[in-house]
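Structural overview for review
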Amino acid sequence: MDPPTPTSLTNRDFSVWVTSGGGKLPVYALEVNGSKATGYIEARAGQEFQVHVLDNQRQPGHGMSYRLSLDGIK
């Protein structure tokens, strides 16, 4: 039996997930390397989506940055 497909990217500092149609979308080819986490989420033409970011540190003065890359944009 295959392990379940993850629905978020998480490392020591943050968690990111994408929702569409009321549910979390699966993340494919998930890789975490130090402070960098990458993965791919299937896009569906015409469907709206939301990107959620959670700072796991929640400490005053703790900085966080992230970059969202989208492909297939017309």
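Preceding block: the structure.
Throughout what follows, the structure given in this document is the object of discussion.

1. As for the overall build of the chain
Counting its secondary structure elements, the chain contains 0 helices and 6 strands. Ordered by position from N to C terminus, the α and β elements of the chain give β-β-β-β-β-β. Across its three principal axes, the chain shows a C-alpha extent of roughly 40 × 35 × 20 Å. Sequence-distant contacts, at least 24 apart, represent 43% of the contacts inside the chain between residues at least 6 apart. Looking at the chain as shown, the accessible area adds up to about 6100 Å², and 50% of this sits on carbon and sulfur atoms. Of the side chains in the chain, 7 bear a positive and 7 a negative charge, and the two mean positions are spaced by 4 Å.

2. Looking at a nonpolar patch on the surface
Taken together, the side chains of F49, V51, L68 and L70 present a nonpolar region at the surface, about 370 Å² in accessible area. You can see V51 is positioned in strand β6 (residues 50-55).

3. Section: the packing of aromatic side chains
Think of a pair of aromatic rings as described by two things: how far the centres are apart, and how the planes are tilted against each other in angle. The final tally for this structure, using the stated rule, is 0 aromatic pairs. For K24, the ring lying beneath its charged end belongs to W17, and the centroid distance is 5.1 Å.

4. Some details on the pattern of salt bridges
Tallied over the full model, the rule gives 1 salt bridge. R44 is the salt-bridge partner of E42, the closest N and O atoms lying 3.9 Å from each other. On the accessibility criterion, R44 (45% relative accessible area) is partly exposed.

5. Observations concerning the nonpolar core
In terms of nonpolar packing, the biggest core is built from 5 residues, these being L9, F14, V16, V27 and A37. Filtering out sequence-adjacent residues up to four positions away, V16 remains in contact with S8, L9, V51, H52 and V53.

6. Let's talk about the environment of N56
By secondary structure assignment, the location of N56 is in the segment after β6. N56 gets classed as partly exposed once you look at its relative accessible area, which sits at 32%. Here the alpha-carbon distance between N56 and T5, two residues 51 residues apart in the chain, equals 22 Å. Among residues more than four places away in sequence, those in contact with N56 are T10, N11, R12, D13, F14 and S15.

Thresholds, definitions, all that
- Residues numbered from 1 in each chain as written.
- Predicted model: local features only at pLDDT ≥ 70, side-chain atom pairs only at ≥ 80, totals over all residues.
- Heavy atoms only, no water.
- Helix = DSSP H or I, 4+ residues; strand = E, 2+ residues; numbered from the N terminus.
- Contact = heavy atoms within 4.5 Å.
- Areas by Shrake-Rupley, 256 points an atom, 1.4 Å probe, with all protein chains shown as cover.
- Lys, Arg positive; Asp, Glu negative; His and termini not counted.
- Charge placed at Lys NZ, Arg CZ, Asp CG, Glu CD.
- Patch = residues over 30% accessible without salt bridge, like charges linked within 9 Å, V, L, I, M, F, W, Y side chains within 5 Å.
- Salt bridge = Lys/Arg side-chain N within 4 Å of Asp/Glu carboxyl O.
- Phe/Tyr/Trp six-rings, centres within 6.5 Å; stacked < 30°, edge-to-face > 60°.
- Lys NZ or Arg CZ within 6 Å of the ring centre and 35° of its normal.
- Buried < 20%, exposed > 50% of the residue type's maximum accessible area, 1.4 Å probe, protein only.
- Core = buried A, V, L, I, M, F, W, Y, C linked by side-chain atoms within 4.5 Å.

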